[in-house]
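# Tertiary structure, described
Take a look at the letters that make up each chain.
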Amino acid sequence: MSTASSSASARTYEVRTYGCQMNVHDSERLSGLLEDAGYLKVTAGEQADVVVFNTCAVRENADNKLYGNLSHLAPIKQANPDLQIAVGGCLAQKDRATITEKAPYVDVVFGTHNIGSLPVLLERARVQEEAQVEILESLEVFPSTLPTKRESAYAAWVSISVGCNNTCTFCIVPALRGKEKDRRPGEILAEIEALVAEGVTEVTLLGQNVNAYGVEFGDRQAFSKLLRACGEIEGLERVRFTSPHPAEFTDDVIEVMAETPNVMPSLHMPLQSGSDRVLKAMRRSYRSTKFLGIIERVRAAIPDAAITTDIIVGFPGETEEDFQGTLDVVRESRFSSAFTFQYSKRPGTPAADLPDQISPAVVKDRYQRLVDLVNEIAHEENKKNVGRTLELMVAEGEGRKDAETHRLSGRAPDNRLVHFNATGAEGVRPGDVVKVEITYAAPHHLVADNPVLEVRRTRSGDAWEARQGRPEAETASVGLGMPAVGVPAPLPAAPACS
């Protein structure tokens, strides 16, 4: 069916996303599929005809949150039987038919391996007037071959692999997304080139274990080769990737990061724990010495690199000595930020059945001590940027207080968030580039309160402007308090996804 964007009778849709960057990207695919089938994105504030929940099985209380949100739709569904509700993603893959038992008003349940089936399942549920549950055990079509409705005009996710071959005891992702499947380099580069032609200037390469890329076709250096090839794409200004695994992180990747101008000096390197004993219990195939060695080599090759991480506190059996080991690694690594998690049981994971589960009070205490240390170090690292001139890509929807502070926001090459005084940047658009001088540092952001030093209008800004449906002459500026549409804000990488 062709897109019915001009049809007054076209059904509307809404996709609600929970979880990691992979889920965000999957939701772009779901939106693309629905629009390709003739649905229209619902106007803000209105009730959609089709509501899709793209779920996560990793986050704490993921199932409670899903059923709570579903229950809010139950009376709306009762009043309007034509409303359709679909549940997909990791939780759907795990819970399967139990979703329709707990929420019998759900029309469609689909898994992580068959997101392409959603339009057909919705139509089948409508015609047959009964719930459709389709969960495949293996990947049917690589997600990046499906149509996409990207939220951002200037930045894009690009999947290079799906699934994971690791067996971390706290993680259920391999069971839900399967073994690693790699795309061929030519397909990936063709997609990136097509995105650049549309105005995208920043891409983030995505994989559950992104630097293991190439394992399926037997090339241990496939990931570094892919990064180097991205450096040859004219018009591609920024390349990022997430999330790598320390066990597979090799020096050829560091070398390419240092030598390829458009590969950004930012690295997300999940630690999880600084205790070798806990790492072994987690089945993380590296130890603290190896982790610190990677950090040391990255800093030697890329002195300005901002390194972020994931850490789990309170893993079963973790002692105070183990926790102190984590604090020691944090002090030595000097992370610019860390996504910190209190361990909680995830049904279906080996760790859920381990003895010596830590009491919530102890976990909470350790968590707070870790957060305090992370914030202290992040603040110290951010202060080193005061007085520096940084080039920012203007962002959309990332400065939540921009309207109050009369600032705009952007991302530095190392991915630090910077709120800047818009004086001298009149008419600047998301995707454009500005140079600013940093005047203040907080633990989680930087501020540039002097007027903008330089503005460079870009194809990305043009693409953003074209999306607004207004001629350039009618567009005064980004405007303060920009709508929360655009490149998805960096999400905490779920601990099971790293």
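Residue positions within a chain follow its written sequence, with the count starting from 1. Local features are withheld for residues below a pLDDT of 70 in this predicted model, meaning they are given only at 70 or higher, and side-chain atom pairs are given and counted only at 80 or more; totals for whole chains, interfaces and linings count all residues. In computing side-chain properties, one takes all heavy atoms of the structure into account and sets aside hydrogens as well as water.

Which entries qualify depends on this criterion: UniProt positions are given in the numbering used here, feature names are shortened, and annotations may be inferred rather than shown by experiment.
Naming follows an unreviewed UniProt entry, where the protein chain appears as tRNA-2-methylthio-N(6)-dimethylallyladenosine synthase of Nocardioides panzhihuensis. You can read under Sequence similarities (unreviewed entry) in the UniProt record for the protein chain the words "Belongs to the methylthiotransferase family. MiaB subfamily." Here the protein chain is described in UniProt, under the heading Catalytic activity (unreviewed entry), as follows: "N(6)-dimethylallyladenosine(37) in tRNA + (sulfur carrier)-SH + AH2 + 2 S-adenosyl-L-methionine = 2-methylsulfanyl-N(6)-dimethylallyladenosine(37) in tRNA + (sulfur carrier)-H + 5'-deoxyadenosine + L-methionine + A + S-adenosyl-L-homocysteine + 2 H(+)".

### Digging into the overall build of the protein chain
The cut-off we apply is this: Each helix is a run of DSSP H or I of at least 4 residues and each strand a run of E of at least 2, with the numbering of both proceeding from the N terminus. Only protein chains enter the accessibility calculation, which uses a 1.4 Å probe; a residue is then buried when its area is under 20% of its type maximum, exposed when over 50%, and partly exposed in between. The criterion used for residue contact is that any of the two residues' heavy atoms lie within 4.5 Å.
When its secondary structure is counted, the protein chain shows 15 helices and 21 strands. Sorting the 498 residues of the protein chain into buried and exposed places 56% on the buried side. In the protein chain, once contacts between residues fewer than 6 apart in sequence are set aside, the share between residues at least 24 apart is 75%.

### Description of the packing of helix H8 (residues 222-230) against helix H9 (residues 251-259)
The condition that has to hold: In this description, a line fitted to the C-alpha atoms serves as the axis of each element, helices being fitted only across the stretch in contact, and the angle between N-to-C directions of two axes falls anywhere from 0 to 180 degrees. An angle counts as roughly parallel when it lies under 35 degrees, as roughly antiparallel when it exceeds 145, as roughly perpendicular when it falls between 65 and 115, and as oblique in every other case. Polar here means any residue outside two lists: the nonpolar Ala, Val, Leu, Ile, Met, Phe, Trp, Tyr, Cys and Pro, and the charged Asp, Glu, Lys and Arg; Gly therefore counts as polar.
Contact geometry for H8 and H9: axes closest at 9 Å, N-to-C directions at 10°. The orientation of H8 relative to H9 falls into the category roughly parallel. Residues Phe 223, Ser 224, Leu 227 and Arg 228 of H8 form the contact with H9, whose own contacting residues are Asp 252, Val 253, Glu 255, Val 256 and Glu 259. Of the residues assigned to the contact of H8 with H9, the class counts are four nonpolar, one polar and four charged.

### Observations concerning helix H7 (residues 185-197)
Structural remark: α-helix, 3.6 residues per turn; residues separated by three or four positions point the same way. Using the following cut-off: How far a helix is expected to stretch is found by multiplying one less than its residue total by 1.5 Å.
Counted at 1.5 Å a residue, the expected span for H7 with its 13 residues is 18 Å, and the 18 Å between its end C-alpha atoms agrees. Elements that come into contact with the buried residues of H7 comprise helix H1 (21-36), strand E7 (155-159), strand E10 (202-206), H8 and helix H15 (459-467). Looking one or two residues past H7, Gly 199 carries a phi angle of roughly 115°, positive in sign.

### A few points about the sheet that holds strand E4 (residues 84-89)
Keep this limit in mind: A pair of strands is considered paired only if DSSP assigns at least 2 bridges between the two.
Overall, parallel pairing links the six strands, which are arranged E2-E1-E3-E4-E5-E6 in an open sheet. Each having just a single partner strand, strand E2 (40-41) and strand E6 (132-134) make up the two edges of the open sheet. Seen against the sheet, H1 touches strand E1 (12-17), E2, strand E3 (50-55) and strand E5 (108-110) and runs at an angle of roughly 170° to E1.

### Details of helix H11 (residues 288-301)
In this model, H11 (14 residues) spans 20 Å end to end at C-alpha, consistent with the 20 Å of a helix rising 1.5 Å per residue. Taken residue by residue, H11 has Ser 288, Phe 291, Leu 292, Gly 293, Ile 294, Ile 295 and Val 298 as its buried positions. Contacts from the buried residues of H11 go to H9, strand E12 (266-268), helix H10 (276-281), strand E13 (306-313) and helix H12 (320-333).

### As for the UniProt feature "binding site: [4Fe-4S] cluster 1" (unreviewed entry) in the protein chain
The UniProt record marks Cys 20, Cys 56 and Cys 90 with the feature "binding site: [4Fe-4S] cluster 1" (unreviewed entry), using the residue numbering of this structure. Over a stretch of 71 residues, the named residues converge on one spot in the fold, their C-alpha atoms separated by at most 10.6 Å. Mapped onto the elements, Cys 90 comes out in helix H3 (residues 90-95). Overall, Cys 90 belongs to the buried group, its relative accessible area being 5%.

### Looking at the sheet that holds strand E11 (residues 238-242)
What the three strands build is an open sheet, ordered E7-E10-E11; its pairing is parallel. Lying at the two open borders of the sheet, with one neighbouring strand each, are E7 and E11. Along the sheet, successive strands turn relative to each other by an average axial angle of 25°, direction set aside. Bridging between E10 and E11 involves five bridges; their strand directions are parallel. When the sheet's bridge partners are listed, Thr 204 is paired in E11 with Arg 240. Contacts from H1 reach E7, E10 and E11 within the one sheet, and its direction differs from that of E7 by about 100°. Contacts between H7 and the sheet are confined to E7 and E10, with E7 contributing the most and set at about 165° to the helix.

### A short note on the packing of aromatic side chains
Quick note on the threshold: Note on ring pairs: Phe, Tyr and Trp rings are taken, using the six-membered ring of Trp, and paired if centres are within 6.5 Å. Classes follow the plane angle, with under 30 degrees stacked, over 60 edge-to-face and the rest tilted.
The final tally for this structure, using the stated rule, is five aromatic pairs. Plain terms: the ring middles of Phe 223 and Phe 241 are 5.0 Å apart, the flat faces sit at 80° to each other, and that makes the pair edge-to-face. On the criterion of sequence distance, the pair formed by Phe 223 in helix H8 and Phe 241 in strand E11 is long-range, its members being 18 residues apart. Taking relative accessible area as the criterion, Phe 223 reaches 1% and is therefore assigned buried. One aromatic cluster is present, built from ring pairs that chain together Tyr 286, Phe 291 and Phe 335.

### Some words on the packing of H11 against H12
In contact at an axis separation of 10 Å, H11 and H12 are set at 10° when each is read in the N-to-C sense. It follows that H11 is roughly parallel to H12 by the angle criterion. Across the interface between the two elements, Ser 288, Phe 291, Leu 292, Ile 295 and Arg 299 of H11 pack against Val 329, Glu 332 and Ser 333 of H12. Residue classes in the contact of H11 with H12 are distributed as four nonpolar, two polar and two charged.

### What about the pattern of salt bridges?
When the charged atoms of two side chains with opposite charge come close together, those side chains can pair. Basically, it comes down to this: One side-chain nitrogen of Lys or Arg within 4 Å of one carboxyl oxygen of Asp or Glu is enough to make a salt bridge.
Under the defined criterion, the tally for this structure stands at 30 salt bridges. Of the charged contacts in the structure, one is a salt bridge between Glu 202 and Arg 240, with a shortest N-O distance of 3.3 Å. With Glu 202 in strand E10 and Arg 240 in strand E11, this pair connects stretches of sequence that are 38 residues apart. On the accessibility criterion, Arg 240 (7% relative accessible area) is buried. Asp 304 is the partner of Arg 388 in a salt bridge, and the nearest nitrogen-oxygen pair spans 3.8 Å. Here Asp 304 lies in the loop between H11 and E13 and Arg 388 lies in the loop between helix H13 (360-383) and strand E15 (389-394), a separation of 84 residues in the sequence. When salt bridges that share partners are traced, they join Glu 318, Glu 320, Asp 365, Arg 366 and Arg 369 into one network.

### Section: the environment of Phe 217
For Phe 217, the position within the fold is in the loop between E10 and H8. What makes Phe 217 partly exposed here is its relative accessible area of 23%. A C-alpha to C-alpha distance of 7.9 Å links Phe 217 and Asp 182, two positions 35 residues apart in sequence.

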